[in-house]
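These are the residues of each chain, in order.
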2 protein chains.
Amino acid sequence: MNDSLTTTSNAVLGLLSLRSWSTYELAKQAQRSLEWFWPRAERKLYDEPKRLVAAGLATSDKEMTGARPRTVYAITRRGRHALRRWLGEPPAPPTLEFDGMVRVFFADGGTLEQLRATLGAIAEASDIRLAELEGKITELERVDVPFPERHHLNALALRFHLDHERVFGEWARWALVQVEEWRSTTDPGRWQPRQAFEP
Amino acid sequence: MNDSLTTTSNAVLGLLSLRSWSTYELAKQAQRSLEWFWPRAERKLYDEPKRLVAAGLATSDKEMTGARPRTVYAITRRGRHALRRWLGEPPAPPTLEFDGMVRVFFADGGTLEQLRATLGAIAEASDIRLAELEGKITELERVDVPFPERHHLNALALRFHLDHERVFGEWARWALVQVEEWRSTTDPGRWQPRQAFEP
DNA sequence: GGTGGATACTGCCCTGTGCAGCATCATGCT
DNA sequence: AGCATGATGCTGCACAGGGCAGTATCCACC
């Protein structure tokens, strides 16, 4: 097994550092807490702990619920050291995959109606995600949630995501206003690119 | 070959809709123009046009530069129709992979010094990317660049990326100020999570 | 008892990444 | 002319990751 851990490995190690988890729980918790900044398919979250065990950074314990087996993973001391060491390394640059922007960028291959629909969809999806974030923010006032002692870190993350999500919705709405002046996707009429950068 | 095209397929089709390209040129142009919102490894950009040809959406023409072969790809009429059809579909949600945020989120596995270094690195990297974007924005005033007739679409995209990138740097600097009050990564002292959401 | 959702997990096929490697061309310098 | 370097051109390979579908057992409820 390749000894160099990925960000995913370290993210899973991070979750294990909080407590031990069954694989199912771990996958669910990863999707609850990491989804906004490190989205990973459930399929992979079943594989990752096995790799940590193989690297000596976690242990696995087979249990039975009736006739149904389940695996519970726990971090090792070596795992904690590895996590701490990783935290001292410089972060990789963020990457964004914005399908909607691909559609905007090549909008001249389609119609102004299509472009408006794309921008509208981006704005609406952003609203939904913002509402979800607001729900998470209200949870910071509670102590009957998992890991209340980590709320300070949660708050930093949520602050970022709130601002980040707002950019999508606000930009899409702004763009909808701009394209009102356009004659078509290939003819912006009197609209000037520099208008995008004026106050 | 699977008939359902990916966003990457359509992005490449979008580039082909502008002009024909050798594979090398296409890979370079993709990395110049799509890198901010649809980053793809060069390795894949060599495969993708082949798949478009197999689907009848592009043609390939073998040429020779001396003894060195090269392939030039062009879009077909079917390809243009496929692109236009795709532009009418709703966009997939954006996904962000923010390695730095994974490190912030699990900062309690490390030290306050490490957290500060992570935040500092995020801020600096953001500055560099912002400077790059500013360079692209000044290009919008020029006509001696590729595809000046598409500046209006470029401007929409650049407006988004400017706002998007600013969020990283501003947030990281804000977070650096917040953690000044913290005693350690596990003890925020008197700092309250709700401080993250006050004006 | 039957149903539906939760818990628990994996095989499979496909997309995508980083890396390394190979080859030829073109340009500039000595 | 010869050489070095960067550009142009491309691919094999091993690994990371995603979506989907499938299998099985448990648990709560009607």
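So, how was this worked out
- Residues numbered from 1 in each chain as written.
- Chains lettered and ligands numbered in written order.
- Predicted model: local features only at pLDDT ≥ 70, side-chain atom pairs only at ≥ 80, totals over all residues.
- Heavy atoms only, no water.
- Contact = heavy atoms within 4.5 Å.
- Buried area = accessible area lost by both parts, 1.4 Å probe.
- Salt bridge = Lys/Arg side-chain N within 4 Å of Asp/Glu carboxyl O.
- Polar contact = N/O pair within 3.5 Å; in protein donor to acceptor, adjacent residues only side chain to side chain.
- Helix = DSSP H or I, 4+ residues; strand = E, 2+ residues; numbered from the N terminus.
- Nonpolar A, V, L, I, M, F, W, Y, C, P; charged D, E, K, R; others polar.
- Pairing = 2+ DSSP bridges.
- Domains from an automatic or database assignment.
- Least-squares fit on C-alpha atoms with pLDDT ≥ 70 in both.

### Observations concerning the interface of chain B and chain A
Buried accessible area, meaning the area lost when the parts come together, often serves as the stated size of an interface.
Argument step 1. Listed as interface residues are 79 residues of chain B and, on the opposing side, 79 residues of chain A.
Argument step 2. Summing both sides of the interface, chain B and chain A together bury roughly 7500 Å²; the carbon and sulfur share of this comes to 71%.
Argument step 3. Across the chain B-chain A interface, the total number found is 4 salt bridges.
Argument step 4. Between Arg40(A) and Glu97(B) there is a salt bridge whose closest N-O contact spans 2.8 Å.
Argument step 5. Here chain B is connected to chain A by 27 residue pairs in polar contact (both at pLDDT 80 or more).
Argument step 6. For the side of chain B that touches chain A, the secondary structure elements donating two or more residues are helix H1 (7-18), helix H4 (77-87), strand E4 (95-97), helix H5 (99-105), helix H6 (112-139) and helix H7 (151-179) of chain B.
Argument step 7. When residues of the side of chain B that touches chain A are assigned to their parent elements, the largest contribution, 21 residues, is made by H7(B).
Argument step 8. Partitioned by chemical class, the residues of the side of chain B that touches chain A number 46 nonpolar, 19 polar and 14 charged.
Argument step 9. Taken together, the 3 bridges between strand E4 (residues 95-97) of chain A and E4(B) define a ladder with antiparallel strand orientation. Bridge assignment links Glu97(A) to a residue of E4(B), and that residue is Thr95(B).

### A short note on the domain arrangement of chain A
All names here are of chain A.
Argument step 1. Partitioning chain A into domains gives domain 1 (7-87) and domain 2 (99-197).
Argument step 2. Taken over C-alpha atoms, the centre of domain 1 sits 32 Å from the centre of domain 2.
Argument step 3. At the junction of the two partners, domain 1 supplies 7 residues and domain 2 supplies 8 residues.
Argument step 4. Roughly 670 Å² is buried in total at the junction of domain 1 and domain 2, and carbon and sulfur atoms are behind 75% of that figure.
Argument step 5. Broken down residue by residue, the surface that domain 1 buries against domain 2 is led by Leu18, Trp36 and Phe37, which jointly contribute 78%.
Argument step 6. If you look at where domain 1 meets domain 2, you find 0 salt bridges.
Argument step 7. There are 1 residue pair in polar contact (both at pLDDT 80 or more) connecting domain 1 and domain 2.
Argument step 8. Of the residues in the side of domain 1 that touches domain 2, the class split is 4 nonpolar, 1 polar and 2 charged.

### Remarks on the relation of the copies chain B and chain A
Argument step 1. Superposing chain B onto chain A takes a rotation of 180 degrees plus a shift of 0.0 Å along the axis, which leaves an RMSD of 0.0 Å. With respect to symmetry, the two chain copies, as superposed, fit the operation of a two-fold axis. Taking the C-alpha atom as reference, chain B places Leu96(B) closest to the rotation axis, 2.3 Å from it.
Argument step 2. The share of interface residues of chain B whose copies in chain A are also at the interface is 100%, consistent with both copies meeting through the same surface.

### Comments concerning the pattern of salt bridges
Residues and elements named next belong to chain A.
Argument step 1. Applying the stated criterion to the full structure yields 36 salt bridges over all chains.
Argument step 2. The salt bridge involving aspartate 144 is made with arginine 142; its shortest N-O contact spans 3.0 Å.
Argument step 3. Sharing partners across several salt bridges, the network here consists of Arg43, Lys44 and Asp47.

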